[in-house]
Amino acid sequence: MKIQNGQFLSIEQLQDQYLSRPKNPAGSEKSEFSFREILERTAEQEESAALKFSKHAANRLADRKIELTDGQLRRLSEGTAKAGEKGIRESLVLMDELAFIVNVPSNTVITAMSQTETEKNVYTNIDGAVII
């Protein structure tokens, strides 16, 4: 801001200075993507972040008559995210007497079971566990 003779610029001078600028000043780039493209990309990212269930896991849930509430799905997703933050690739997630094996990089539940159904409570092929 220029001060002329110890005074500030007038409102009119400021308006001329800031409002009459070209819309795309030199050096700034116009967005290459439309709003629709950006919205679609964001939706795709959110969809890929959603927890998925393998066919095997879906069958196990159905066979064992296990129905997950929205709250349980949210907690399972949070547990998977925590496992990912720790660098776990194949995680056991224990929640509400249920056990889930989750492939963390693909955000996919591989299998699901009740903790009472597992023989001797032995879980294999995991590299970490999250209890929520």
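Residues numbered from 1 in each chain as written. Predicted model: local features only at pLDDT ≥ 70, side-chain atom pairs only at ≥ 80, totals over all residues. Heavy atoms only, no water.

Asker: What's the story with the overall build of the chain in this structure? I'm lost.
Answerer: In terms of regular secondary structure, the chain is built from four helices and five strands. The helix and strand sequence of the chain, counted from the amino end, reads α-α-β-α-α-β-β-β-β. Buried positions account for 27% of the 132 residues belonging to the chain. Of the contacts formed within the chain by residues at least 6 apart in sequence, a portion of 53% connects residues at least 24 apart. Summed over its atoms, the accessible surface of the chain is roughly 10,100 Å², and 51% of this surface lies on carbon and sulfur atoms. (Helix = DSSP H or I, 4+ residues; strand = E, 2+ residues; numbered from the N terminus. Buried < 20%, exposed > 50% of the residue type's maximum accessible area, 1.4 Å probe, protein only. Contact = heavy atoms within 4.5 Å. Areas by Shrake-Rupley, 256 points an atom, 1.4 Å probe, with all protein chains shown as cover.)

Asker: Teacher, can you tell me more about the side chain of serine 91 here?
Answerer: Among the structural elements, serine 91 can be located in strand E2 (residues 90-95). Once residues within four sequence positions are removed from consideration, serine 91 is found in contact with Ala83, Phe100, Ile101, Val102, Val104, Ile126, Asp127, Gly128, Ala129 and Val130.

Asker: Would you take a moment to explain the pattern of salt bridges for this structure?
Answerer: Where charged atoms from two side chains of opposite charge approach closely, those side chains can pair. Within this structure, the stated rule accounts for three salt bridges. A salt bridge links glutamate 40 to arginine 36, with the shortest nitrogen-to-oxygen separation between them at 3.4 Å. One end of the pair is glutamate 40 and the other is arginine 36, both in helix H2 (residues 35-49) and four residues apart, which spans about a single turn. Judged by its relative accessible area of 43%, glutamate 40 is partly exposed. Note that aspartate 96 and arginine 75 form a salt bridge whose closest N and O atoms lie 2.9 Å from each other. In this pair, aspartate 96 is assigned in the loop between E2 and strand E3 (98-103) and arginine 75 in helix H4 (residues 70-85), connecting sequence segments 21 residues apart. The class of aspartate 96 is partly exposed, set by a relative accessible area of 38%. (Salt bridge = Lys/Arg side-chain N within 4 Å of Asp/Glu carboxyl O.)

Asker: Could you clarify how one ought to interpret unusual backbone geometry in this entry?
Answerer: In terms of backbone geometry, most residues other than glycine have negative phi values and most peptide bonds are trans. Its identity as a non-glycine residue notwithstanding, glutamate 97 has a phi of 65 degrees, on the positive side. Of note, glutamate 97 is situated in the loop between E2 and E3.

Asker: Can you walk me through the pairing of strand E4 (residues 108-114) in this structure?
Answerer: Two faces belong to every sheet, and in a regular strand the side chains alternate between them. Counted residue by residue, E4 has six buried out of seven residues, so it is predominantly covered. Bridge analysis of strand E1 (residues 52-53) against E4 gives two bridges, and the strand direction is parallel. Bridge pairing links lysine 52 to threonine 108 in E4. Direction of pairing for E3 relative to E4: antiparallel, over a ladder of six bridges. The partner of asparagine 103 across the bridge, within E4, is threonine 108. (Pairing = 2+ DSSP bridges.)

Asker: Would you mind showing me how to read the nonpolar core here?
Answerer: Of all hydrophobic cores here, the largest spans 13 residues; its most connected members are Leu76, Phe100, Val102 and Val109. Mapped onto this core, the elements with two or more residues apiece are helix H3 (55-63), E2, E3 and E4. If you tally residues by element for this core, the top one is E3, at three residues. Setting aside its immediate chain neighbours within four residues, valine 109 contacts Leu51, Lys52, Phe53, Ser54, Ala57, Leu76, Phe100, Ile101 and Val102. Listed in part, the five residues of the second largest apolar core include Leu92, Leu94, Ala99 and Met113. (Core = buried A, V, L, I, M, F, W, Y, C linked by side-chain atoms within 4.5 Å.)

Asker: Even after reading the chapter, I still don't get the sheet that holds E2, so can you show me in this structure?
Answerer: In a beta sheet, neighbouring strands pair by backbone hydrogen bonds and run either parallel or antiparallel. Spatial strand order, E1-E4-E3-E2-E5: five strands in an open sheet with mixed pairing. The sheet is open, and its two edges are formed by E1 and strand E5 (128-131), each paired on a single side. Strands in contact with H3 are E1, E3 and E4; relative to E4, the strand with the most contacts, it is inclined by about 25 degrees. Along the sheet, H4 makes contact with E1, E2, E3, E4 and E5, crossing E2 at roughly 140 degrees. (Axes fitted to C-alpha atoms, helices over the stretch in contact; angles between N-to-C directions.)

Distances and angles like these do not, on their own, reveal function.
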